[in-house]
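Residue-level listing of the chains:
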Amino acid sequence: MNGLLSKELICLNLNAREKHQVFHEMAELLWQAGHITDISQFVADVWDREDTGNTGFEGGVAIPHAKSPVVKQAAVVVGISPQGIEYGAEDGKPSHVFLMIASPHNASNLHIEILAQLSSRLIEDGFMETLLQATSQEEVLALFTAQASPEDDNREVRQDKGLILGVTGCPVGVAHTYLAAEAIVKAAREMGYEVKVETNGSIGVKDSPTAEEIARADAVVVACDKQVDLDRFAGKKVVICGVKSAIKGATGLIEQALSAPLYQVASSSKAKPASTTSSGSMLYKSLMNGVSYMIPFVVVGGLLIALSLALGGVPTEQGLSIPVDSLWNKVLSVGVVGFTLMIPILSGYIAYAIADRPGLAPGLIGGWIANNGSFYDASAGTGFIGAIVAGLLVGYFVKWLTHFNYSKMVQPLVPIMIAPIAGTLFIAAIFMFVIGAPIADLMTALNHMLANLSTGNVIVIGIVMGLMQGFDMGGPFGKVVFMFSVGLIAQGQTQFMGAQAVAIPVAPLGMALAAFMGRRFGLFDDEEYENGKAAAAMGLVGISEGAIPFAARDPFAVIPANMIGSAVACCLGFIFSLHCNVAHGGPIIVLLGGFDKPLLALVAMAAGVVSTATIAIALKRFKMMRNRQHAVMDVA
């Protein structure tokens, strides 16, 4: 804590009487000490973190925290309220001690490391009582910065009863995870046991036990509200509970574990979350699980395709192509594999997050079927939107299927055969016989609509083409427009392809620009910033799929922005009377001489990109402010 906490950041008697007043008062201390540049922005970022889960804990402690672009230097503020403040703590009691952590936006794991340090202090015997009785800032500072004595260290090492293993994890992966870990460590050592605790936090899994440690462990305490692998503990004494149970009574849990029956692998190899979460939260976390696994495939596939097109692409009448016998064609083929797999991966790991391993295979297969229109006689698959639908349907179907109490003879077959086969047949039937026909009819209707509009006002057709192109970023709507424009090239009409070509790169380039600009306001996290770099590279060579990770993560902000920006570019393409005889899009076509008016083509693309970025930032900013206002109203 040295360097993070100073006397100027300690308040022994907060004036605040409500939660939002606590945030402002403590942020004021940070500002006066020169650690932040904008109080309002930092408080807004704290509220954003609060929206993911209340930071008021049992025992009168609250730990509000945030990573923020307005933080110049990491710091911890200590505030004490003798009378207590209603903070929404989980035990329903007022909070008296507030520890606010301010972390710079580019310090990815710093706030987690600070939380871990604070947890070790808060769990110490008598620490809270001593803290509340402190009469000076110097006393509080000394409490947090004091180092354990060598005698204490030696005493803690001498444990001879055996080994206790622990596993902790909460849905958000922050404070509860580390508080529970410290509680288990403290209780086990007091009981005379050696102890090791695995933490499943937001920075990943830390301190996992080795096979040798598992073999000699006397008991295992799994205190988790998230899924963790339990197969490794087969044959050991295991107790499974929520993470809060470990914070409240770790000693009792260890005693319970020591007398527990030997753990047997059941139909699922994952520990079910011990606490309930809202259906909306479950949907969001499942979606994010799929997105996180999909992103490497988008990046690898997209960048390899972009590289091959940029260095080996040749404009032809059929579009931008690469000579079959060239090295770049092989690179292109590898990239296509990545792009082909990304949609099934998205669907598969959404299902996996909901139903564990039994849902993975049918989820992957369902995503493949969703993305391949030939299964249901459609000209194009459903893209990432269909993958999300498939993953959710499979996940909840398999979860329902595996919750029954099957006989002992049938139970081992459920996760490896019954559930995967039933789930696969279920999702295949849904797409082939329920969803498929309407999709095929929709593709036909869209083609007819475009054909009818093509003889009318070019602004109207520009708006429709742009909205379709930006809606699903390489999905069925975009493919319908693209194939329509390509078909007109064969008839000698290249203006439609000119308008289409300037709209194609808008979504990835617009979201890349939004990520670069919006990061300053805390609207995009580090992962999205890195995704923006890949999306920019893809957009330059006309790969609109680079925007999919952004759309899958926040569709209600990203998809409207992409649609409007693409429509702006497409309309300008018609207004400028751009003609393109290459069936592709993006700035690379300008460099290859595919446009008759290259400068105006770049202007149209730039206008669409700026429009998308501006709207995406505005919508995300509005969402952030609305969430903060709702949180303030809830407290009031």
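Keep in mind that what you see is a predicted model, and the values were worked out from it rather than measured. (Residues numbered from 1 in each chain as written. Predicted model: local features only at pLDDT ≥ 70, side-chain atom pairs only at ≥ 80, totals over all residues. Heavy atoms only, no water.)

Draft legend 1. Region of interest: the overall build of the protein chain. From N to C terminus, the protein chain includes 23 helices and 13 strands. Expressed as a percentage of its 636 residues, the buried residues of the protein chain come to 53%. Within the protein chain, counting contacts between residues at least 6 apart in sequence, those at least 24 apart form 72% of the total. A total accessible area of about 26500 Å² is found for the protein chain, and carbon and sulfur atoms account for 61% of it. (Helix = DSSP H or I, 4+ residues; strand = E, 2+ residues; numbered from the N terminus. Buried < 20%, exposed > 50% of the residue type's maximum accessible area, 1.4 Å probe, protein only. Contact = heavy atoms within 4.5 Å. Areas by Shrake-Rupley, 256 points an atom, 1.4 Å probe, with all protein chains shown as cover.)

Draft legend 2. Spatial organisation of the nonpolar core. Ranked by size, the top nonpolar core spans 66 residues in total, and within it Leu 346, Phe 384, Met 473, Val 502, Met 511 and Phe 595 carry the most contacts. Setting aside residues no more than four positions away along its own chain, Phe 595 makes contact with Gly 498, Ala 501, Val 502, Leu 578, His 579, Cys 580, Gly 586, Ile 589, Val 590, Ala 601 and Met 605. Among the nonpolar cores identified, the runner-up in size contains 49 residues, and Cys 11, Phe 57, Val 97 and Met 128 belong to it. (Core = buried A, V, L, I, M, F, W, Y, C linked by side-chain atoms within 4.5 Å.)

Draft legend 3. The arrangement of the pattern of salt bridges in detail. Overall, the coordinates contain eleven salt bridges when judged by the stated rule. For the salt bridge of Glu 530 with Lys 533, the shortest nitrogen-to-oxygen distance reads 3.4 Å. Of this pair, Glu 530 and Lys 533 both sit in helix 19 (residues 526–540), three residues apart, which is roughly one turn of that helix. Judged by relative accessible area, which is 41%, Lys 533 ranks as partly exposed. Note that Asp 554 and Lys 620 form a salt bridge whose closest N and O atoms lie 2.9 Å from each other. With Asp 554 in the loop between helix 20 (548–553) and helix 21 (555–575) and Lys 620 in helix 23 (residues 598–635), this pair connects stretches of sequence that are 66 residues apart. You can call Lys 620 buried: its relative accessible area is 11%. (Salt bridge = Lys/Arg side-chain N within 4 Å of Asp/Glu carboxyl O.)

Draft legend 4. Structural detail: helix 18 (residues 506–518). Here helix 18 is 13 residues long and its end C-alpha atoms lie 17 Å apart, about the 18 Å a rise of 1.5 Å per residue gives. Of all the positions in helix 18, only Val 506, Ala 507, Pro 508, Leu 509, Gly 510, Met 511, Ala 512, Ala 514, Ala 515 and Gly 518 are classed as buried. (Expected span 1.5 Å × (residues − 1).)

Draft legend 5. Just the environment of Leu 446, in detail. Turning to its location among the elements, Leu 446 is positioned in helix 14 (residues 414–453). Of the residues examined, Leu 446 reaches a relative accessible area of 9% and is grouped as buried. Residues Leu 446 and Phe 484, spaced 38 residues apart in sequence, show a C-alpha to C-alpha distance of 9.8 Å. The contact partners of Leu 446, leaving out residues within four places of it in the chain, are Met 468, Phe 477 and Val 480.

Draft legend 6. Geometry of the packing of aromatic side chains. Throughout the structure, instances matching the rule amount to 14 aromatic pairs. Between Tyr 376 and Phe 431, the aromatic rings sit 6.1 Å apart at their centres with planes inclined by 35°, giving tilted as the arrangement. With Tyr 376 in the loop between helix 12 (360–370) and helix 13 (383–402) and Phe 431 in helix 14, this pair connects stretches of sequence that are 55 residues apart. Comparing Tyr 376 with Phe 431 shows no difference in burial state: the two are buried. Between Phe 397 and Phe 426, the ring centres sit 4.2 Å apart and the planes meet at 5°, which makes this aromatic pair stacked. Note that Phe 397 is positioned in helix 13 and Phe 426 in helix 14, a separation of 29 residues in sequence. For Phe 426, a relative accessible area of 24% corresponds to the partly exposed category. Here a set of aromatic residues connected by ring pairs shows up, and it is made of Phe 23, Trp 47, Tyr 87 and Phe 98. Here the guanidinium or amino end of Lys 19 rests over the ring plane of Tyr 87, the centre of that ring lying 4.4 Å away. Above the ring of Phe 524, the side-chain terminus of Lys 620 is found at 4.9 Å from the ring centroid. (Phe/Tyr/Trp six-rings, centres within 6.5 Å; stacked < 30°, edge-to-face > 60°. Lys NZ or Arg CZ within 6 Å of the ring centre and 35° of its normal.)

Draft legend 7. Representation of helix 9 (residues 243–258) in the model. Between the first and last C-alpha of helix 9 there are merely 18 Å, a value that for 16 residues lags more than 12% behind the 22 Å anticipated at 1.5 Å per step. For helix 9, the principal kink sits at Gly 249 and spans about 110°. Along helix 9, the positions that sit buried rather than exposed are Val 243, Ala 246, Ala 250, Leu 253, Ile 254 and Ala 257. (Bend = angle between axes of the 7 residues up to and from the residue.)

Draft legend 8. Examining the confidence of the model for the protein chain more closely. Taken as a whole, the protein chain shows an average pLDDT of 82; of its residues, 86% reach a score of 70 or greater. When pLDDT is averaged over each helix and strand of the protein chain, the minimum, 45, is found for helix 6 (residues 150–157) and the maximum, 94, for helix 21. Long-range and interchain partners of residues 148–157, a stretch whose pLDDT sits below 50, account for two contacts in this model, where long-range means more than four residues apart. Per-residue pLDDT stays below 50 along residues 272–278; that stretch engages in twelve contacts with residues further than four places along the chain or on separate chains. (pLDDT = per-residue confidence, 0-100.)

Draft legend 9. Looking closely at unusual backbone geometry. Within the chain, Asp 207 stands out as a residue other than glycine whose phi angle is a positive 60°. With a phi close to 55°, Ser 577 is a non-glycine residue in the positive phi region. Within the fold, Ser 577 resides in the loop between helix 21 and helix 22 (587–591). For Ser 577, a relative accessible area of 27% translates into the label partly exposed.

Draft legend 10. A look at the state of the cysteines. Under the defined criterion, the tally for this structure stands at zero disulfides. Cys 241 takes part in no disulfide bond, and the closest cysteine sulfur, belonging to Cys 224, lies 8.4 Å away. Classification of Cys 241 as buried rests on a relative accessible area of 10%. This cysteine, Cys 570, is not joined by any disulfide, and Cys 571 carries the nearest cysteine sulfur, 6.3 Å off. (Disulfide = S-S within 2.5 Å.)

Draft legend 11. How the structure looks around the side chain of Asn 531. Turning to its location among the elements, Asn 531 is positioned in helix 19. Accessibility expressed as a relative area gives 9% for Asn 531, which makes it buried. For Asn 531, the contacting residues outside a window of four places in its chain are Ile 295, Pro 549 and Phe 550.

Draft legend 12. Geometry of a nonpolar patch on the surface. Residues Val 337, Leu 341, Trp 368, Phe 375, Met 432, Phe 433 and Val 434 make up a contiguous nonpolar surface patch of about 660 Å² in total accessible area. Among the secondary structure elements, those contributing two or more residues to the nonpolar patch are helix 11 (327–355) and helix 14. With respect to the secondary-structure elements, Trp 368 resides in helix 12. (Patch = residues over 30% accessible without salt bridge, like charges linked within 9 Å, V, L, I, M, F, W, Y side chains within 5 Å.)

Draft legend 13. Fine view of the side chain of Gln 495. Looking at where Gln 495 falls in the secondary structure, it is placed in helix 17 (residues 495–503). Residue class for Gln 495 comes out buried when judged on its relative accessible area of 16%. Beyond its immediate chain neighbours, meaning those up to four positions away, Gln 495 contacts Phe 574, Ser 577, Leu 578 and His 579.

Draft legend 14. A look at the pairing of strand 6 (residues 95–104). Most of strand 6 sits out of view: nine of its ten residues are buried. Across four bridges, strand 4 (residues 65–68) lies against strand 6 in parallel orientation. Paired with His 65 across the strands is Ile 101, a residue of strand 6. The pairing of strand 5 (residues 75–85) with strand 6 spans seven bridges and is antiparallel. Bridge pairing in strand 6 places Gly 79 opposite Phe 98. (Pairing = 2+ DSSP bridges.)

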